[in-house]
Amino acid sequence: MQGYVRVYSRNADGTSGGGGAGDGEGTIVYYGCAGPIGEWTQRVASLQPTIDQSVATMYGRLPGASTGSNNAAGGAGVAASHERIKIGFCTDLDKSVLINNFEKRGWHQVNGDDDWHFYWAGVQTCRNIFSVDSGYRMHDNQMINHFPNHYELSRKDLLVKNIKRYRKDLERDGNPLAEKTESNNSSGTRYLYLDFVPTTFVLPADYNMFVEEYRKFPLSTWIMKPCGKSQGAGIFLINKLSKLKKWSREAKGPFHPQIAKESYVISRYIDNPLLIGGKKFDLRLYVLVASFRPLKAYLFKLGFCRFCTVKYDTSVTELDNMYVHLTNVSVQKHGGEYNTLHGGKWSVQNLALYLEGTRGKEVTDRLFGAISWLIVHSLRAVAPVMASDRHCFECYGYDIIIDNALKPWLVEVNASPSLTSTTVNDRILKYKLIDNILSVVLPPDGVPDVRWNKVPTADALGNFELLIDEELAAQDEAQNSSNSSSHAKPSRTSSRWK
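Residues numbered from 1 in each chain as written. Predicted model: local features only at pLDDT ≥ 70, side-chain atom pairs only at ≥ 80, totals over all residues. Heavy atoms only, no water.

S.K.: Explain the side chain of Thr200 here, please?
M.R.: As for its placement among the helices and strands, Thr200 is situated in strand β9 (residues 200-203). Take Thr200: its relative accessible area is 7%, and that puts it in the buried class. A polar atom in the side chain of Thr200 sits 2.9 Å from the side chain of Ser267. Not counting the four nearest positions on each side in its chain, Thr200 is found in contact with Val160, Lys164, Val265, Ile266 and Ser267. (Helix = DSSP H or I, 4+ residues; strand = E, 2+ residues; numbered from the N terminus. Buried < 20%, exposed > 50% of the residue type's maximum accessible area, 1.4 Å probe, protein only. Polar contact = N/O pair within 3.5 Å; in protein donor to acceptor, adjacent residues only side chain to side chain. Contact = heavy atoms within 4.5 Å.)

Take a look at the structure:
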């Protein structure tokens, strides 16, 4: 059983993305939305307007679907290449969801200076390990949970820069994905298929461009965020240029030397968010990347919504009330209305049921398909600049806002999503997340080995859904090319989910 994701892109070497004919049956499928039981489902290519089939396509196939024998052989070859190893793990985080998952596999904990095989590290440890000055050289049976320059995706200013470059590259190549249309909320045009990040500028470098944009829409609201911080730290909203100028003056003063050195992003605030019970919320989705070149990415189906504790209010008097505007649990848990039982969280499955009941299944499917589209293209945007070391994998926390037109917007990406459990359900979810991550990134015998082809079996995916696998796509393309000359296969478009 196969599924595909259609995207248009450039390869890591700068050439136009390779194409394929779907699954050999003329079908191009997007992974999309939750059905009645709330699972991510596949859906036929109605997500975006039809684009000429001759344009370059890239897609991912469900692992283990038609390459089971190859994968099994690959796993056996890896297993035969070494005797059973007693796995030593390191972690910079004293989290039971990590340690319990490691120990249930029979692993034993060691120090960073010892001979370790699996390291769940903080970002600084990862940078130190990959630093030229460290002189550290990883062997074939070691894995670590961050890519060396993960900040190309997780740092707010670099994410915006990479997405802008990606769109410009596609536009220069005449790729249909870079098509533009008239914009509703800003002058000029917007990208028809890649308009998933709000208008954003980096300060202080882009200050003049921001002022020019602001003056076109003087009643608009903007949100300021420090580039290198998380959990809602240092964020504030502005609706007057004078407020930004005042902040700038204060930042240059002797009492805030650290602020003066920081870069900020300022983005158009999504002031028409989808509300449930009158409250704003965002989505936290977990995306696992096993490799950037070739790109191999998976979406965890057990994401959740994070709600504000105070009803949404756009009035000027509430502009500084972060309990109205910021969904971060680290912010909301300090509010008087915070509920410790459910933690202000709602499962993606419940969101899907709610939307299907209030908006209909078709638009709900389209929303979740657009979310998958957004994630894949954000990864494609950074893939050419990522150091794709085979020792690495990474689980990213994607934060996504949905507006009242059911359009998803990428807010930011976190390289170290919190593993702290705020509720019982939260703990269960994060335990499953870590367990499933290990099943996907490790070879069948459970021993880290960079020589493994990183194609997990369907059973190993657990609650993960394949978003994209360029390696399997290339194999399918070659196979379909050889088969197309002999006979054509009938179309098969039915959903896997019941």
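S.K.: In this structure, what is going on with the nonpolar core? I would like to understand it.
M.R.: Nonpolar side chains in soluble globular proteins tend to be buried together. Counting 62 residues, the largest nonpolar core has Phe292, Ile375, Leu379, Tyr396, Tyr398 and Leu410 as the members making the most contacts within it. Sorting elements by how many residues they give to this core places helix α12 (residues 361-382) first, with ten residues. Among residues more than four places away in sequence, those in contact with Leu379 are Leu153, Val287, Val289, Phe292, Leu295, Ala297 and Tyr398. By size, the runner-up hydrophobic cluster in this structure holds 32 residues, among which are Met143, Phe304, Cys395 and Val440. (Core = buried A, V, L, I, M, F, W, Y, C linked by side-chain atoms within 4.5 Å.)

S.K.: Honestly, α12 in this entry has me stumped. Any pointers?
M.R.: Because the α-helix completes a turn every 3.6 residues, residues three or four places apart line up on one side. Helix length check: α12 (22 residues) gives 32 Å between terminal C-alpha atoms against 32 Å at 1.5 Å per residue, within 8%. For α12, the tally of buried residues reaches 18 of 22 residues, placing the bulk of the element in the interior. (Expected span 1.5 Å × (residues − 1).)

S.K.: Looking at this structure, how should I read the environment of Phe464?
M.R.: On the secondary structure map, Phe464 appears in strand β20 (residues 464-469). You can call Phe464 buried: its relative accessible area is 2%. Remark: the alpha-carbon pair of Phe464 and Leu302, spanning 162 residues in sequence, is separated by 8.5 Å. If we ignore the near neighbours within four places in the chain, the residues touching Phe464 are Tyr286, Leu288, Tyr298, Leu299, Phe300, Lys301, Leu433, Asn436, Ile437 and Val440.

S.K.: Would you take a moment to explain the sheet that holds strand β6 (residues 143-144) for this structure?
M.R.: Strand pairing in a sheet takes place through backbone hydrogen bonds and is either antiparallel or parallel in direction. Reading across from one edge, β4-β3-β5-β6 is the order of the four strands in this open sheet, with parallel pairing throughout. Edge strands, defined here as strands with exactly one partner in the open sheet, are β4 (108-109) and β6. Pairing geometry for strand β5 (residues 118-120) and β6, over two bridges, is parallel. Counted as the bridge partner of Phe118 is Met143 from β6. With respect to the sheet, helix α2 (residues 96-104) is in contact with β3 (88-91), β4 and β5, its orientation differing from that of β3 by roughly 175°. (Pairing = 2+ DSSP bridges. Axes fitted to C-alpha atoms, helices over the stretch in contact; angles between N-to-C directions.)

S.K.: Would you take a moment to explain helix α5 (residues 156-172) for this structure?
M.R.: Spanning 17 residues, α5 covers 25 Å between terminal C-alpha atoms, matching the ideal 24 Å at 1.5 Å per step. Every buried residue of α5 is accounted for by Lys156, Asp157, Leu158, Leu159, Val160, Asn162, Ile163, Tyr166, Arg167, Asp169 and Leu170. Following α5 by one or two positions, Gly174 adopts a phi angle in the positive range, close to 70°.

S.K.: Help me understand the packing of α5 against α12, please; the structure alone is not making it clear to me.
M.R.: When two helices pack together, their arrangement is given by the angle between their axes and by how far apart the axes lie. Closest axis-to-axis distance for the α5/α12 pair is 8 Å, and the angle between their directions is 90°. Taken together, the axes of α5 and α12 are roughly perpendicular relative to one another. The segment α5 lies against α12, with Asn162, Ile163, Arg165 and Tyr166 engaging His377, Arg380, Ala381 and Val382. Of the residues that constitute the contact of α5 with α12, the class distribution is four nonpolar, two polar and two charged. (Parallel < 35°, antiparallel > 145°, perpendicular 65-115°, else oblique. Nonpolar A, V, L, I, M, F, W, Y, C, P; charged D, E, K, R; others polar.)

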